[in-house]
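# Notes for the structure review
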Amino acid sequence: MHTVWKGAISFGLVHVPVKMFSATEDKDISLRYIHKECGSPLSYVRKCPVCDKEVAWEEIGKGYEYEKGKFVLFDKEELNQLTEESSKSITILDFVDLTEIDPIYFQKTYYLSPDQAGANAYRLLMEAMRQTGKIGIAKISIRSKSSLAAIRVLADCLAIETIYYPDEVRPVSQVPGLPEPGIVNDKELDMAKLLISQLSTPFEPAKYTDDYRQRMLDLITHKIAGEEFHIAPARQESNVIDLMAALQASIEAVQHIPSDPGPSLPGTGTKPRTAAAAKKKPAKGKASGTPGPDPDVPVVHEATGPIPVIAPKPKRRAERSKVTGA
């Protein structure tokens, strides 16, 4: 792995020298813009519209546009002074529970390894955090950008995840079209909870793959080989307007998956029946005294096992350029 940052973790008077490595990688397939007429890739030219000439990197500075067409300019030394003191230190401010942080705050994950003679202090911090179940909230400066970060134990390694500042997260009140608070139909709620219980499964990340990337790779391979490539049409989605019908259809759709039945519904004290149990005949002598089913309660044929359904984690804002400061 390439070292993207070197510095130290400090908490109290303890100083832990560390190196930082990116824990994730972007596997998106990058496509170039091509001139159709000759097949050549297009290049991006840094051109000044006033001087009408291409500008070299050494002639480029940075500025902030405070009004339309008006800029304040900064040189490299001025910008370096802003981050000089904090660029090599990860200062832990507090220790908190991981469950207290909403996933919306997380950005990018890095691995931390001990640097120089910091193995003992690294091991001490990791074991103390593991046994207390706490994570550290720290400040770090990467690529001249100050960020909050969460330091946690991941297997036998310390991991650090940059997180957004609170004022960088848009409030939910700005989301248009949210439904007004109201009463949920009890029967629909029970069926929805039953469906969730039958679709619940342990998280196994290896089961999930990027289908789009694989189709793109197949397309590239076939095009290189000069073969004709066909993509199967997408499955047509059924437009079920009735919510109860949609829940009923969803539950019936998972009947053929063999597995353990889901847990009992909250407040009922009973477990969902399996398909085998549903076929058992009533015991003799009890049929006459048993009331018939309520015609207002929908008959639910419970599934016998869960189907793994997990919504993909929203993609965070990508850091496309290399992190400097190592």
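Attention in this report is confined to the structure presented alongside it. (Residues numbered from 1 in each chain as written. Predicted model: local features only at pLDDT ≥ 70, side-chain atom pairs only at ≥ 80, totals over all residues. Heavy atoms only, no water.)

## A word on the overall build of the protein
This is how the line gets drawn: Per the convention used, a helix needs a DSSP run of H or I reaching at least four residues, while a strand needs a run of E reaching at least two, with both numbered from the N terminus. Note on classification: 1.4 Å probe, protein chains only; a residue is buried when its accessible area is under 20% of the maximum for its type, exposed when over 50%, partly exposed between these limits. Whether two residues are in contact is decided by their heavy atoms, any of which lying within 4.5 Å being enough. A 1.4 Å probe and the Shrake-Rupley method give the accessible areas. Residues count as covered only by the protein chains that appear here.
Each helix and strand in the protein was counted, giving 6 helices and 11 strands. The proportion of buried residues among the 326 residues of the protein is 22%. Contacts in the protein between residues at least 24 apart in sequence constitute 67% of all its contacts with a sequence separation of at least 6. Accessible area of the protein: about 24900 Å², with a carbon and sulfur share of 57%.

## Brief notes about the environment of I9
Note that I9 resides in strand β1 (residues 3-11). Judged by its relative accessible area of 0%, I9 falls in the buried class. With 130 residues separating them in the primary sequence, I9 and K139 have C-alpha atoms 9.9 Å apart. Residues contacting I9, with those up to four places away along its chain left out, are V14, H15, V16, V18, I90, I92, L112, L125, I151 and L158.

## Regarding the pattern of salt bridges
Between side chains of opposite charge, a pair can form as their charged atoms come close. The condition that has to hold: By salt bridge we mean one thing: a side-chain nitrogen of Lys or Arg within 4 Å of a carboxyl oxygen of Asp or Glu.
Applying the stated criterion across every chain, the model contains 9 salt bridges. Its salt-bridge partner being D115, residue K6 comes within 4.0 Å of it at the nearest N-O pair. Note that K6 is positioned in strand β1 and D115 in the loop between β8 (106-114) and α2 (119-132), a separation of 109 residues in sequence. Overall, K6 belongs to the partly exposed group, its relative accessible area being 36%. Here the residues in one salt-bridge network are K6, K19 and D115, joined through shared partners.

## Quick look at the sheet that holds strand β11 (residues 157-163)
The test is simple: Two strands form a pair only when DSSP identifies at least two bridges running between them. Fitted lines through C-alpha atoms serve as axes, helices being fitted only where they are in contact, and the angles separating the N-to-C directions of these axes extend from 0 to 180 degrees.
Taken in spatial order, the 7 strands close into a barrel running β1-β2-β8-β11-β10-β9-β7, and their pairing is mixed. Across the sheet, the mean angle from the axis of one strand to that of its neighbour is 40°, orientation sign disregarded. Where β1 and strand β7 (residues 89-96) come together, 3 bridges link them in parallel fashion. Residue pairing for β7: S10 is matched across the bridge by T91. Sitting on the sheet, α2 touches β1, β2 (14-22), β7, β8, β9 (135-142), β10 (145-154) and β11, and the angle it makes with β11 is about 70°.

## Quick look at the packing of aromatic side chains
For clarity, the cut-off: Geometry of aromatic contacts follows a simple scheme: Phe, Tyr and Trp rings, the Trp one being its six-membered ring, pair when their centres are within 6.5 Å, and the pair is stacked under 30 degrees between planes, edge-to-face over 60, tilted otherwise. Geometrically, a lysine NZ or arginine CZ counts as sitting over a ring once it is within 6 Å of the ring centre and also within 35 degrees of the ring normal.
Scanning all chains against the criterion turns up 1 aromatic pair. An angle of 15° between the planes, with centres 6.1 Å apart, marks the rings of F203 and Y208 as stacked. The aromatic ring of Y110 is capped on one face by K108, whose charged end is 5.7 Å from the ring centroid.

## So, α2
An α-helical turn contains 3.6 residues, so a residue and the one three or four places further along point in the same direction. Rule in force here: Expected span, for any helix, means 1.5 Å times one less than how many residues it has. By arc we mean the arc of the directions from the helix axis to the C-beta atoms, nothing more.
With 14 residues, α2 should cover 20 Å at 1.5 Å per step; its first-to-last C-alpha distance of 20 Å lies within 8% of that length. Among all positions in α2, only Y122, L125, M126 and M129 are buried. Down the axis of α2, the buried set is contained in an arc of 95°. They therefore lie on one face. Residues N120, L124, Q131 and T132 are exposed on α2 and point more than 90 degrees away from its buried face.

## Considerations on the pairing of β11
Of all the 7 residues making up β11, 7 are buried; the element is thus mostly covered by neighbouring parts of the structure. Where burial is concerned, the two faces of β11 agree: the one with C157, A159, E161 and I163 and the one with L158, I160 and T162 are both buried. Relative to β11, β8 runs antiparallel, the two sharing 5 bridges. In the strand pairing of β11, L112 is matched with L158. Looking at chain direction, β10 and β11 are connected through 7 bridges and run antiparallel.

## Concerning helix α3 (residues 186-199)
Put simply, the rule is: We define a polar contact as two N or O atoms separated by no more than 3.5 Å, with the added condition that, inside protein, one atom must be a possible hydrogen donor and the other a possible acceptor, whereas residues neighbouring each other in sequence contribute only through side-chain atom pairs.
With 14 residues, α3 should cover 20 Å at 1.5 Å per step; its first-to-last C-alpha distance of 20 Å lies within 8% of that length. Its buried side turned inward, α3 meets α5 (243-253). Two to three positions downstream of the cap, the backbone nitrogen of K187 sits 2.9 Å from a side-chain oxygen, assigning the N-cap of α3 to N185.

## A few points about the environment of Y212
As for its placement among the helices and strands, Y212 is situated in helix α4 (residues 211-224). Given a relative accessible area of 53%, Y212 falls into the exposed group. Taking the C-alpha atoms as reference, Y212 lies 9.6 Å from D28; in sequence the two are 184 residues apart.

## Overview of unusual backbone geometry
For D52, which is not glycine, the phi torsion reads 55° and is therefore positive. On the accessibility criterion, D52 (54% relative accessible area) is exposed. Notably, Q116 is not glycine yet its phi reads approximately 55°, a positive angle. Mapping Q116 onto the fold places it in the loop between β8 and α2.

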